[in-house]
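Letter by letter, the chains look like this.
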Amino acid sequence: MLEFMKNVVQIAIAHFWGFNGVGMHLALFFATLLYLFAVKKKGEEKTRNLILGYSFAFAMVYVFPMSAYIIMEYCIGEAVYWRMFWMLPFIIVIGYVLVLWLFQTEGKKQFLLFLCMAVVMIVITGKPVYTQENFYPAENEYKLPQEAIDLCDFIKENRKEGETVKVTVPNELLCYIRQYDASIQMPYGRNALTGQKLGKRRTQIYEMMTSGSIEWEKMISLLKKEHSNYFVYPAEIGIEELEREGYAFLGNVDGYSVYYCENME
C-alpha cells in the first residue's frame, strides 16, 4: 500500500515538473500566494481567503494518493494528469496580486517604476510563443496534414452508398482523420496515444501498428472482428497476406496503400 501511494505521488510530482517546463510562471504564482498569505489588505479578505482556500484544496486533491489515483485512472488518464493545473487561475491571481501591490505604492513615479518592474517580471518569467517551433505555414486551409485529407477523399470516392467506413491507420494519422471527416469511424484515435484503455482487441491492433512488427494473420482476424473494412499502411511495405484474406488493394495515396474488405465475417 505504501509503495502504491509513493508511486502515485511520484507520478503527480513528475507531471508538475513537466507542466512547469522551463518557465517561471508557476514560481511567480506561488510567490503571489505567499504574498496573500503574509499580507492582509482591508476589504480584500473574502477574495484572499477564496484564492488561498481554493489553491490549498487543489494541492491536497492533486497530491493525495487516493484522489490522484481516481482522477488518473477513471477521469482524465495518467498520461495527461498535468491538465489538472488548468483548474488553477494563474493569470487571474498573478494579475490581482500585482494590482494590489501596485496600488500600495505612493506617488506617480513610484507607481510607474513598480508597474515597469511588474511587466518585466512577467516577461522574463515566461517563454516566447511566437517561434518556428510553434508556428509554420499550413499545407491547406484545414491546417491538417495533406496525406490525411487525401486519404479521406480517396476513401470517400471508393465507399459504397450507405456504407459505414471504419479505417485503421498508422499512428501518425490517428489525430487527423476524423477532424476532416467525422463520418469515418476508427477502432481508436487520439485516446490510444494518451494511454487510455482501449479494450483487449483494440489494444492488440494498436500495439502491432506501433511496433511495426505485425503478425498479419492475427492482425487480419482482429480487424475483421473490429469491422475495420478499410486498412491503411505505408506503401513501401507490400502485404500479400491482406489480399489473400479478402482485403482488396484499392490504390496508393501520398505514400500509403489503401486496402478494402467487404466481407467482415
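Everything numeric in this text was worked out from a predicted model, so none of it was measured. (Residues numbered from 1 in each chain as written. Predicted model: local features only at pLDDT ≥ 70, side-chain atom pairs only at ≥ 80, totals over all residues. Heavy atoms only, no water.)

A closer look at the packing of helix α2 (residues 25–38) against helix α5 (residues 90–102)
Between two packed helices, both the angle of their axes relative to each other and the distance between the axes serve to describe the pair. Defined as follows: Where helices are involved, their axes are fitted lines through C-alpha atoms of the stretch in contact, as for all axes, and angles between N-to-C directions lie from 0 to 180°. Labels follow the DSSP assignment, with helices taken as runs of H or I lasting at least four residues and strands as runs of E lasting at least two, numbered in each case from the N terminus. Orientation is classified from the angle alone, with under 35 degrees giving roughly parallel, over 145 giving roughly antiparallel, 65 to 115 giving roughly perpendicular, and any other angle giving oblique. In this scheme, a crossing is called left-handed if the near helix is turned counterclockwise away from the far one by less than a right angle; it is called right-handed if the turn is clockwise. The criterion used for residue contact is that any of the two residues' heavy atoms lie within 4.5 Å. Under the convention adopted here, Pro, Cys and the residues Ala, Val, Leu, Ile, Met, Phe, Trp and Tyr are nonpolar, Asp, Glu, Lys and Arg are charged, and Gly plus all remaining residues are polar.
Viewed as axis vectors pointing N to C, α2 and α5 meet at an angle of 50°, and their least axial separation amounts to 9 Å. Between α2 and α5, the angle falls in the class oblique. Crossing of α2 against α5: the hand is left-handed. Here H25, L26, L28, F29, T32, L33, Y35 and L36 of α2 come into contact with α5, specifically with F90, V93, I94, Y96, V97, L100 and W101. Its residues assigned to classes, the contact of α2 with α5 comprises 13 nonpolar, 2 polar and no charged.

Re the packing of aromatic side chains
The criterion, for reference: Note on aromatic contacts: the rings of Phe and Tyr and the six-membered ring of Trp form a pair at centre separations within 6.5 Å, being stacked when their planes are under 30 degrees apart, edge-to-face when over 60 apart, and tilted otherwise. Relative accessible area decides the class of each residue, using a 1.4 Å probe on protein chains only: under 20% of the type maximum gives buried, over 50% gives exposed, and in between gives partly exposed.
The tally for this structure, following the rule as stated, stands at 24 aromatic pairs. On the basis of an interplanar angle of 55° and a centroid distance of 5.8 Å, the ring pair of F16 and F85 is categorised as tilted. One end of the pair, F16, is in helix α1 (residues 2–20); the other, F85, is in the loop between α4 (65–75) and α5, with 69 residues separating them in the sequence. Pair check on accessibility: F16 and F85 agree, each one buried. Each ring, one from Y142 and one from Y180, has its centre 5.0 Å from the other, and the planes form 90°; the classification is edge-to-face.

Notes on the environment of E147
Tracing the backbone shows E147 in helix α7 (residues 146–158). Along the sequence, E147 and L173 sit 26 residues apart, while their C-alpha atoms lie 8.2 Å from each other. When neighbours within four sequence positions are excluded, E147 is seen to be in contact with L173, D254 and Y256.

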